[in-house]
Amino acid sequence: MAFSIEGRPLRVCFIAPAIYSTLSPGTGVALTGGAEVQQKILGEALAARGVEVSYVTHDLGQPDGQRIGGLTVFKSYREDAGIAGLRFFYPRVPGLWSALKRAGADIYYVRGAGYLPGLVSLFCRRNGRRFIFACASDANVDLKLLRLPTIRDRWLYVHGIRRADAIIVQSHQQAAALMNNLGLQGRVIRNIWHSAASALPESRRRYILWVAMFRELKQPEHFIRLARAFPDQEFVMIGGPYRGTVSYYQQVQRQAQAVPNLRFLGYRRMEETEQYFDQARLLVNTSRYEGFPNTFLQAWARSLPVLSYVDPDGLIDRLGLGAVAGNEEQLHRVLGRLLQQEQFRAGDIVGYFNRHHAPAAIVSGYQQVFESLRATGPPVLTEPLS
């Protein structure tokens, strides 16, 4: 699979300010978000197929242009630098613009809502480059759910995605919402995982697992009450506080630690969390809404079923990937039924995963997007960026 332009490798840059700790673990930054994990895995998969991949991140004191496992990292600005109320204009805008120029990419990629789509789309239009926006949540395509700190950020977000050369969505539901709410067309490319799936032996499946950042829309209290209702089962809860939710996190932690059959593990690095999936029998998701959670992929990569309030495109219910509950009462009832099953349908889960989330399938989808961008409009320029 060739990714080239004018006889040289295609260059793709991911603008992901918070991704540095995901690319370089052990930096002291505690939290890893799903969008960052997706961009790391996708970047590695593209790089393995000859794409020159770079990232623009916050300045955490790392060297500029650092190489990490075949990926190049350019730093933009320190998140806390500048004067409150003015730091957007300096150092954020010039710091970001400078990093985008140094990356020198053909295609720039932003995942998730915020002011970045507006700034990156302007940069790309001025320099004849291509801009891809990728949805990270259902809230990205439903302005009623969108929560951004300022009117300026909201305007830049909507302005930016309207000028994207391509919009990637995680599900057909998101594509429909994007068209209905914003009149924009999205291409469905499922989330990627770093390996193909394989069935986890029944003998290793021990407990019921919940993994998420702690924020109210994730409704962790529902999982705590679920554990209390099934005292003969083992439950495990993993996750750290979302930004600005430390007091809420501590409140939930106290509730969880009062349940004898529930292990509250708090934040765990990605590598550690993966090990807990290796001994789970079922993943529970209690969010009010999602995009397409990485935790689903972590479960399905091991043939674990998912019990969830959300069901992107009806996949869980339709393809036998677990079970869906419409409310907390149903959550308890459905878990009781699932626990009575002698064996879950591991083969169905593995087959679905390998067709739709393994690296080869996802990279093929992106290749089609890259080729369509090359075929439409003015050619990607190769002269220096302004």
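Look above for the structure.
Note that the structure is predicted; figures quoted are calculated from it, not measured.

Caption draft 1: Expanded view of the sheet that holds strand 8 (residues 130-134). Here eight strands make up an open sheet; going across it, the order is 5-6-4-3-7-8-9-10 and the pairing mixed. The sheet is open, and its two borders are formed by strand 5 (66-68) and strand 10 (187-188), each paired with just one other strand. Bridge count between strand 7 (residues 107-111) and strand 8: five bridges; the pairing is parallel. Residue pairing for strand 8: tyrosine 109 is matched across the bridge by isoleucine 132. Helix-sheet contacts for helix 2 (residues 34-47) involve strand 3 (11-15), strand 4 (52-57), strand 6 (71-75) and strand 7, and the interaxial angle to strand 4 is about 155°. The strands that helix 3 (residues 88-103) touches are strand 3, strand 4, strand 6 and strand 7; relative to strand 6, the one it contacts most, it runs at about 150°.

Caption draft 2: Up close: the side chain of aspartate 142. Here aspartate 142 shows up in the loop between strand 8 and helix 5 (151-162). For aspartate 142, a relative accessible area of 18% puts it in the buried group. Separated by 3.0 Å, the side chain of aspartate 142 and the backbone nitrogen of lysine 144 make a polar contact.

Caption draft 3: Fine view of the packing of helix 7 (residues 220-229) against helix 8 (residues 246-257). Interaxial distance between helix 7 and helix 8 falls to 10 Å at its minimum, and their mutual angle equals 5°. If you check the angle between helix 7 and helix 8, you find them roughly parallel. Across the interface between the two elements, Pro220, Glu221, Ile224 and Arg228 of helix 7 pack against Tyr248, Val252, Gln255 and Ala256 of helix 8. Here the contact of helix 7 with helix 8 is built from residues that sort into five nonpolar, one polar and two charged.

Caption draft 4: Molecular detail of a nonpolar patch on the surface. A cluster of nonpolar side chains, Ile83, Leu86, Phe89 and Tyr90, forms an exposed patch at the surface whose accessible area comes to about 500 Å². Its place among the elements puts tyrosine 90 in helix 3.

Caption draft 5: Seen up close, the pattern of salt bridges. Under the criterion given, the structure shown has 19 salt bridges. Close ionic contact of glutamate 328 with arginine 225 constitutes a salt bridge, the shortest N to O distance being 2.7 Å. Of the two residues, glutamate 328 sits in helix 12 (residues 328-340) while arginine 225 sits in helix 7, which places them 103 residues apart along the sequence. The salt bridge partner of arginine 268 is glutamate 272, with a shortest N-O separation of 3.7 Å. For glutamate 272, a relative accessible area of 35% corresponds to the partly exposed category. Each of Arg206, Glu234 and Arg263 takes part in salt bridges that share partners, so that together they form one network.

Caption draft 6: Spotlight on unusual backbone geometry. For the bond from tyrosine 90 to proline 91, the omega torsion is 15°, close enough to zero to count as cis. Tracing the chain through its elements places proline 91 in helix 3. The backbone phi angle of serine 303 is positive, close to 65°, even though this residue is not glycine. One non-glycine residue with positive phi stands out, namely aspartate 313, at about 60°.

Caption draft 7: Quick look at the sheet that holds strand 11 (residues 207-211). Strand order in the open sheet formed by six strands is 13-12-11-14-15-16, with parallel pairing between adjacent strands. Each edge of the sheet is formed by a strand with only one pairing partner; in this case those strands are strand 13 (262-266) and strand 16 (322-324). Mean inter-strand twist for the sheet, computed between neighbouring axes without regard to direction, equals 20°. Two strands pair when backbone bridges link them, and strand 15 (residues 306-308) and strand 16 are joined in this way by three bridges, in the parallel orientation. The partner of valine 306 across the bridge, within strand 16, is glycine 322. Seen against the sheet, helix 7 touches strand 11, strand 12 (235-238), strand 13 and strand 14 (280-285) and runs at an angle of roughly 160° to strand 12.

Caption draft 8: Representation of the pairing of strand 11. Among the five residues that make up strand 11, five are buried, leaving the element largely enclosed by the rest of the structure. Relative to strand 14, strand 11 runs parallel, the two being bridged by three bridges. Counterpart to leucine 209 in the pairing with strand 14 is leucine 283. For strand 11 and strand 12, the ladder comprises four bridges, and the chain directions are parallel. Note that in strand 12 the partner of valine 211 across the bridge is isoleucine 238. Taking the sense of rotation as the criterion, the β-α-β connection linking strand 11, helix 7 and strand 12 turns out right-handed.

Here is what the cut-offs are and how they apply
Residues numbered from 1 in each chain as written. Predicted model: local features only at pLDDT ≥ 70, side-chain atom pairs only at ≥ 80, totals over all residues. Heavy atoms only, no water. Pairing = 2+ DSSP bridges. Helix = DSSP H or I, 4+ residues; strand = E, 2+ residues; numbered from the N terminus. Contact = heavy atoms within 4.5 Å. Axes fitted to C-alpha atoms, helices over the stretch in contact; angles between N-to-C directions. Buried < 20%, exposed > 50% of the residue type's maximum accessible area, 1.4 Å probe, protein only. Polar contact = N/O pair within 3.5 Å; in protein donor to acceptor, adjacent residues only side chain to side chain. Parallel < 35°, antiparallel > 145°, perpendicular 65-115°, else oblique. Nonpolar A, V, L, I, M, F, W, Y, C, P; charged D, E, K, R; others polar. Patch = residues over 30% accessible without salt bridge, like charges linked within 9 Å, V, L, I, M, F, W, Y side chains within 5 Å. Areas by Shrake-Rupley, 256 points an atom, 1.4 Å probe, with all protein chains shown as cover. Salt bridge = Lys/Arg side-chain N within 4 Å of Asp/Glu carboxyl O. Right-handed = clockwise from strand over helix to strand, strands pointing away.

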